[in-house]
Each structure stands twice: as structure tokens, then as C-alpha cells.
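Structural overview for review
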Amino acid sequence: MHITDVTPADLEAVTTLWEEAGLTRPWNPPATDLHRALDGSTSTVLGAFRDGRLVGTVMVGHDGHRGWVYYLAVAVPERGMGLGRRLMQAAEAWLVERGAVKLQLMVRESNTAVTGFYDRLGYADAHVRVVAKRLD
Ligand SMILES: CC(C)(COP(=O)(O)OP(=O)(O)OC[C@H]1O[C@@H](n2cnc3c(N)ncnc32)[C@H](O)[C@@H]1OP(=O)(O)O)[C@@H](O)C(=O)NCCC(=O)NCCS
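Residues numbered from 1 in each chain as written. Predicted model: local features only at pLDDT ≥ 70, side-chain atom pairs only at ≥ 80, totals over all residues. Heavy atoms only, no water.

**Overview of unusual backbone geometry**
Which entries qualify depends on this criterion: Every helix listed is a DSSP run of H or I at least four residues long, and every strand listed is a run of E at least two residues long, numbered separately from the N terminus. Only protein chains enter the area calculation, which uses a 1.4 Å probe; residues under 20% of their type maximum are buried, those over 50% are exposed, and those in between are partly exposed.
Not every positive phi belongs to a glycine, and Asp 51 is a case in point at roughly 50 degrees. Inspection of the secondary structure puts Asp 51 in the loop between strand S2 (43-50) and strand S3 (53-62). Among the residues examined, Asp 51 registers a relative accessible area of 81% and is labelled exposed. A positive phi angle is found at His 127, which is not glycine, with a value near 50 degrees. For His 127, the location among the structural elements is in the segment after helix H4 (115-120).

Have a look at this one:
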């Protein structure tokens, strides 16, 4: 198992994983999100590969101070064995290397299953209300 940046050649495996993990939404094409993250100088998508097969991802980026994580996903048969934790550690290390001092992420309110996972990794409610508006 090794964790490294995915490339555009991994597009199909990445989007399949994200769809299976329930992370995609019809109004947010995953291919666009992937290419944007790979094209940017302050973002990437890290992939966990077992025998050349993609089994996990995390998208990570920063604004110089805060880092953000999106699309954390572990393939169903690989869950519960520490890979989610390893991917988050890889994202944290990626941010530390670039000088970011804080990592935050958004969890959909409907995704109650994942709350315990972030608790175990030491993440806590930041007591911040996130507001959003679509610009397209
Ligand atoms: C969330 C997810 C990435 C976790 O991956 P994973 O590989 O199963 O997690 P790990 O095995 O690394 O678990 C790390 C720790 O969290 C705990 N944990 C994992 N999932 C948990 C859950 N749903 N509830 C409570 N604890 C959980 C584990 O027991 C483990 O605890 P420990 O090592 O301290 O004993 C995976 O379930 C997933 O892909 N979910 C669907 C996509 C998703 O919701 N992503 C997050 C969007 S915000």
C-alpha cells in the first residue's frame, strides 16, 4: 500500500470510488473537481494504491493558513483497517509541509455515520456556521 498524488489517468477509478462512497452530487461533476484540484498549485488529490489499484482518496488544499480536506473515501472492503486515518495523516503532513497551521473540513449533516471517525482522529466541532452561495 502506498499513498501518492493521483493523476488524470486515474479519473475513472477516482470517480467510481467517490460514487461508491456516496460523495458525489449531480450538480457537482467529480471529474471537474478532480481536474481543478490537480491543476491548482495549492491543492492535490492523494490516492492510496494497493497493488496498483486505487482503494482510497483524500483531496487536500490550502489558502496559506488553513487547509481543507474533501473527498475522503475508502473502498468498502478496505474500511475499518486504518486507511482512513492514514489518508488523513497524509493530508495533514502535506499541509504542514506547505506551512498551513490548521485543517478544517465540512461534513454533511446527513452523514452521521462519519462523526465518530473524526472524533477518533481528534477533530472537534469548530462552532462555525458555514454559509454558501452558488456562483454558476
Ligand atoms: C470515513 C471513512 C473514510 C473511514 O475510513 P476507515 O478506513 O474505515 O477508517 P479507519 O479504519 O482509519 O478508522 C480510524 C478510527 O476511526 C474509527 N471509526 C471509523 N469509522 C467510524 C465510524 N463510522 N464511527 C465511529 N468510529 C469510526 C475506527 O474504529 C478507528 O478507531 P481507532 O483506530 O482509534 O481504534 C470511510 O468510512 C468512508 O470512506 N466513508 C464514506 C465516505 C465519507 O463519508 N467520507 C467522509 C466525508 S466528510
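Let's pick the thread back up.
**A short note on the side chain of Ser 43**
Counted only if it meets this: Two N or O atoms form a polar contact when they lie within 3.5 Å of each other; inside protein one atom must be a possible hydrogen donor and the other a possible acceptor, and for residues adjacent in sequence the pair counts only when both atoms belong to side chains. Pairs of residues are marked as contacts when any of their non-hydrogen atoms sit within 4.5 Å.
Mapped onto the elements, Ser 43 comes out in strand S2. A distance of 2.8 Å separates a polar side-chain atom of Ser 43 from the backbone oxygen of Ala 37. Not counting residues up to four positions away in its chain, the partners in contact with Ser 43 are Arg 36, Ala 37, Val 60, Gly 61 and Trp 94.

**Re the site of the ligand**
Spelled out, the test is: Summary of the distance rule: residues count as near a molecule or strand when at least one heavy atom falls within 4 Å of that molecule or strand. Surface exposure here means Shrake-Rupley accessible area, sampled with a 1.4 Å probe, where a residue is shielded only by the protein chains that are shown.
Not every one of the 20 residues close to the ligand is listed here, only the nearest: Leu 72, Gly 80, Gly 82, Arg 85 and Ala 113. The separation between an oxygen atom of the ligand and a polar main-chain atom of Gly 80 is 2.8 Å. Here an oxygen atom of the ligand sits 3.2 Å away from a polar atom, N or O, in the main chain of Met 81. In the complex, 72% of the free accessible area of the ligand, which totals 940 Å², lies under the protein chains.

**Notes on the pattern of salt bridges**
Operational definition: The rule for a salt bridge is simple: a side-chain nitrogen of Lys or Arg has to be within 4 Å of a carboxyl oxygen of Asp or Glu.
Under the counting rule described, the total for this entry stands at 5 salt bridges. Here Arg 50 makes a salt bridge to Glu 78, at a shortest N to O gap of 2.8 Å. With Arg 50 in strand S2 and Glu 78 in the loop between strand S4 (66-74) and helix H3 (83-97), this pair connects stretches of sequence that are 28 residues apart. Measuring nitrogen to oxygen at the nearest pair gives 3.7 Å for the salt bridge that ties Glu 78 to Arg 53. Of this pair, Glu 78 sits in the loop between S4 and H3 while Arg 53 sits in strand S3, placing them 25 residues apart in sequence. Taking relative accessible area as the criterion, Glu 78 reaches 8% and is therefore assigned buried. The exposure class of Arg 53 is partly exposed, given its relative accessible area of 48%. When salt bridges that share partners are traced, they join Arg 50, Arg 53 and Glu 78 into one network.

**Some points on the environment of Met 106**
Looking at the secondary structure, you find Met 106 in the loop between strand S5 (102-105) and H4. Each C-alpha atom, one on Met 106 and one on Val 130, is 8.5 Å from the other, the two residues being 24 residues apart in sequence.

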